[in-house]
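If you want the building blocks of each chain, they are given just below.
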Amino acid sequence: MKPTTEKTNYQGLTQEQVNQKLFKEGYNELPSSKPKNVFQIALGVVKEPMFMLLVACGTLYLVLGDINEGLMLLGFVFVIMGIEFYQEKKTEKALDALKDLASPRALVIRSGETTRIAGRDVVTDDIIILQEGDRVPADAVVLSCTSFQADESLLTGESVPVRKREWMEGDVTCAPGGDEIPYVYSGSMIIQGNAIVRVLATGMHTEIGKIGKALESVKEEPTKLKMEMGTLVKRLAFIGIGMCVFVIVIYTLTRGDLLKGFLAGITLAMAMLPEEFPVVLTVFLALGAWRMSKKKVLTRKPAAMETLGSATVLCTDKTGTLTQNKMTVTQLYNGTEFLNVKPKSIFPESFHEIIEYGILSSQASPFDPMEKAILTIGDLFLQNTEHIHTDWVMEKEYPLSKELLAMSRLFTNTGTLEKVIAAKGAPEAIFDLCHLDNKKIAELEKAVQEMANAGLRVLGVAKGTFKPENLPNEQHDFDFEFIGLIGLSDPIRENVPAAIAECYKAGIRVIMITGDYPVTASSIGKDIGLKNPDKYITGPEVEKMTEEQLSERIKDVNIFARVVPEQKLKIVNALKRNNEIVAMTGDGVNDAPALKAANIGIAMGEKGTDVAREASSLVLMDDNFASIVGAVKMGRRIFDNLQKALGYIFAIHVPIAGLSLIPVLFSDLPLILWPVHIVFLELIIDPACSIIFEAEKEEKNVMTRPPKDINEPFFGINKILLSCMQGVGILVICLAVYFFGLQFGYTEKAVRTMTFVTLIVSNIGVILSNRSWTSNIFTIILSPNKAVKWVVGGAIFFLILILNIPFLIRLFQFDSVGILELTVCVLAGSSSIIWFEIYKKFKQTKKSILE
């Protein structure tokens, strides 16, 4: 394929051409881990303890001659496989959606329009704009570039960036590595400069595709919660195994039947085994991440969802996050007078030069909203005038740096061959470049202050000429002349004041970090409702302070002005020194260290670089501050519901284990539960904890309570005890029905029937009661949750079948019981949640009194 050297007016491909290429070449992606097929899921089930226990029980029943029970238990294996398959596919679908969102993006030119697309949608011959911090989405040839360097260590192993140049006639394709190569390669990172490139190869045909490196965007890592749950499951499993052996020994010694002793022991093991924990955790985290993506927040690291509920400080950029990122040039100053710019107003000649050199110092196809605003004014007022220079050739660009907050672009005037340089940047940097005297600086600073007081972002503009052939290495070597100031406004997002107020209610402090002047920042701080808007710390002050001094000053300051990205790291560390849990936003390459250091790094999805995205835990897909607050709310909801699900698992396993164990200890008492009963209960428990609780809406107080202590265990001893107390309450009720039946002369099978019905009703009661730990049962029942209807309705329907179909009655070792007995069981089961409802009411009343 022969690249073109055309540098301007790129049209790119049409949508029709793109569709044809996608059909012919496929998506631009490398092979990643394939979804599990039916056999892999089946193999996963085979390895689970519950499967082994079911097979053991089924086999024992067959040995004992109970063919129906044995076959039914073995048949349940396929039912459990079906549930596993459903959960696996649901989780997989959520993760696939997240992977698509997490993949690198590309800024392409199609049909003459610049648009940002997913990296996987790039096709050959696409024209791509690459900028500092971007990850290259496909192998491509460089058509035009400025100070362009790439890190190709992913391909070559060499960490030193390599320089790139434009393609020239006669260049041949070559391997990655080495300087002055006119090609960029998929997976490499742009370290400096910008370029326009044309795609040569995608997917498996790229250099990285040939060496077979599959890049996984969403990586599973053991979070603190997973480790905590893993420890808990292991402890419960050991206790379960010990109790299983104990029951086998006791049953065999007291009743002299080893095979039935094994059945009783396995029943207890099944009752105590918390096999739901890992499933619930996986489902909640995967679906939680998917739900957050619907709220415009992409979760790159699962641990971030845990930390969100503990966040005490949100540090946010101003531009594009608190504001709309729709910059407009509102006011100009030419050194002597101001001009308020309006679309249909007169634009005097004395202000033309400011926009002329503002345009020259901006990118031709800008992505920066301020540069876009300057170009828009040029289109509006300077079209077809001598102030627009599309024919001038750009020779060199001097980018913005930490040392000098200004950028310059050097051009050759094609008519006179004179070299002209245009600069724009922070006013103080432009004053410095122009070597102005103190009197002139003081005069201009008054104008800057006046514009900043109006909430405007202020840029200075300068020009210069240059004759020698050898270009200087830095901007200070040019003779600049000050032209004027540009004031840009960026309206606040409408939902930001309400979002900040919600943060304060939730005990979360908000800090605004901006490159604006302090007065501009204070003005915006007041408008959005920040606390202490008149107090601020500037970037130069941050630079001079020690971390100890900053951590002291930062306690009541919520505005940082004139800050450069490198200073964000110092701010994060100062806050962490004060034991704050910090969420920090960022979008540039230089923000990456601060994003990594923060407890929760939040990258911007629209204007953020791939470097920032890769360093972050969360990606804000719409760059909107309100979405961060929504993510905190969603994070709290997810973990509230996960706690409810785990609480329910504990609560229901206590009576099941108790009813399996207690009759074994007394040789004259009939056993209540056998494996078939445990399996039936598991078919209610699994969907209840992974579907009902996951879909539950947030509590009313979710954003009016303080953040969770980061060091507090997720499911600590107090929560375990409370859940176990719920279980003990159910156990007592079920045992009361059991002994009541025995006392009144009911048969063993009738007693088992009544106890089991009571247990099922209690189970349904505890599901409903645990849906909310603040609302009463009547409010809960009236609250919509579609999953409840299916799970609870299914449980009641199958219980009715079991109580009425002779084959199932025999299978469950039940007996027919009358309406009176069933009524007693339903009332008894329903009463098991009364104490928990009283406890919730008492807790809410106590909280209201304290408030």
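Placed above this text is the structure.
Residues numbered from 1 in each chain as written. Predicted model: local features only at pLDDT ≥ 70, side-chain atom pairs only at ≥ 80, totals over all residues. Heavy atoms only, no water.

Participant: Could you give me a rundown of the packing of aromatic side chains, with the residues and numbers involved?
Facilitator: Enumeration over the complete set of coordinates arrives at 15 aromatic pairs. On the numbers, 4.7 Å between centres and 40° between planes, the contact of Tyr333 with Phe338 is tilted. Judged by relative accessible area, which is 6%, Tyr333 ranks as buried. On the accessibility criterion, Phe338 (28% relative accessible area) is partly exposed. Three or more aromatic residues joined by ring pairs form one cluster here, namely Tyr398, Phe478 and Phe480. Above the ring of Tyr27, the side-chain terminus of Arg120 is found at 3.9 Å from the ring centroid. Stacked on the ring of Tyr504, the Lys or Arg Lys531 has its end atom at 4.4 Å from the ring centre. (Phe/Tyr/Trp six-rings, centres within 6.5 Å; stacked < 30°, edge-to-face > 60°. Buried < 20%, exposed > 50% of the residue type's maximum accessible area, 1.4 Å probe, protein only. Lys NZ or Arg CZ within 6 Å of the ring centre and 35° of its normal.)

Participant: Could you give an account of helix α16 (residues 518-528), with specific residues and numbers?
Facilitator: Of the positions making up α16, those classed as buried are Pro518, Thr520, Ala521, Ser522, Ile524, Gly525 and Ile528. The secondary structure elements touched by the buried residues of α16 are α14 (438-453), α15 (496-505), β17 (509-513), β18 (537-538) and β19 (559-561). Following α16 by one or two positions, Gly529 adopts a phi angle in the positive range, close to 90°. (Helix = DSSP H or I, 4+ residues; strand = E, 2+ residues; numbered from the N terminus. Contact = heavy atoms within 4.5 Å.)

Participant: Can you explain a nonpolar patch on the surface? Please cite residues and give values.
Facilitator: Where nonpolar side chains cluster on the molecular surface, the patch consists of Phe238, Ile241, Val245, Val249 and Leu253 and spans about 550 Å² of accessible area. Within the secondary structure layout, Leu253 lies in helix α7 (residues 224-255). (Patch = residues over 30% accessible without salt bridge, like charges linked within 9 Å, V, L, I, M, F, W, Y side chains within 5 Å. Areas by Shrake-Rupley, 256 points an atom, 1.4 Å probe, with all protein chains shown as cover. Salt bridge = Lys/Arg side-chain N within 4 Å of Asp/Glu carboxyl O.)

Participant: With reference to specific residues and values, describe the pattern of salt bridges.
Facilitator: Applying the stated rule across the entire model yields 26 salt bridges. Of the charged contacts, one joins Lys21 and Glu25 as a salt bridge, the two residues approaching to 4.0 Å between their closest N and O atoms. Placement of the pair is Lys21 and Glu25 together in helix α1 (residues 15-25), with a separation of four residues, close to one helical turn. Residue class for Lys21 comes out buried when judged on its relative accessible area of 18%. The salt bridge partner of Asp556 is Lys535, with a shortest N-O separation of 2.6 Å. In this pair, Asp556 is assigned in the loop between α18 (547-553) and β19 and Lys535 in the loop between α16 and β18, connecting sequence segments 21 residues apart. Through salt bridges that share partners, Lys21, Glu25 and Asp125 make up one connected network.

Participant: Account for helix α11 (residues 352-360), with residues named and values stated.
Facilitator: The buried count for α11 comes to eight of nine residues, which makes it a mostly enclosed element. Among the residues of α11, those classed as buried are His352, Ile354, Ile355, Glu356, Tyr357, Gly358, Ile359 and Leu360. On its buried side, α11 packs onto β10 (328-333), α12 (369-381), β13 (406-412), β14 (419-425), β15 (457-466) and β16 (480-489).

Participant: Provide a residue-level description of the sheet that holds β15, including the pertinent values.
Facilitator: The seven strands lie next to each other as β11-β10-β16-β15-β14-β13-β12, forming an open sheet whose pairing is antiparallel. Each edge of the open sheet carries a strand with a single partner, namely β11 (338-340) and β12 (393-398). On average, adjacent strands in this sheet sit at an angle of 25° to one another, irrespective of strand direction. Across eight bridges, β15 lies against β16 in antiparallel orientation. (Pairing = 2+ DSSP bridges. Axes fitted to C-alpha atoms, helices over the stretch in contact; angles between N-to-C directions.)

Participant: Can you lay out the sheet that holds strand β22 (residues 618-620) for me, pointing to particular residues and giving the numbers?
Facilitator: Spatially, the eight strands line up as an open sheet ordered β8-β22-β21-β20-β9-β17-β19-β18, and their pairing is mixed. Sheet topology places β8 (297-299) and β18 at the edges, where each strand pairs with a single neighbour. As judged from the four bridges shared by strand β20 (residues 582-586) and strand β21 (residues 600-604), these two strands associate in the parallel manner. For Thr585, the partnering residue across the bridge sits in β21 and is Ile602. Those strands touched by α16 are β17, β18 and β19, and its axis lies near 150° from that of β19. Where helix α22 (residues 625-661) meets the sheet, it contacts β8, β9 (313-317), β17, β20, β21 and β22, and its direction lies at approximately 155° from that of β9.

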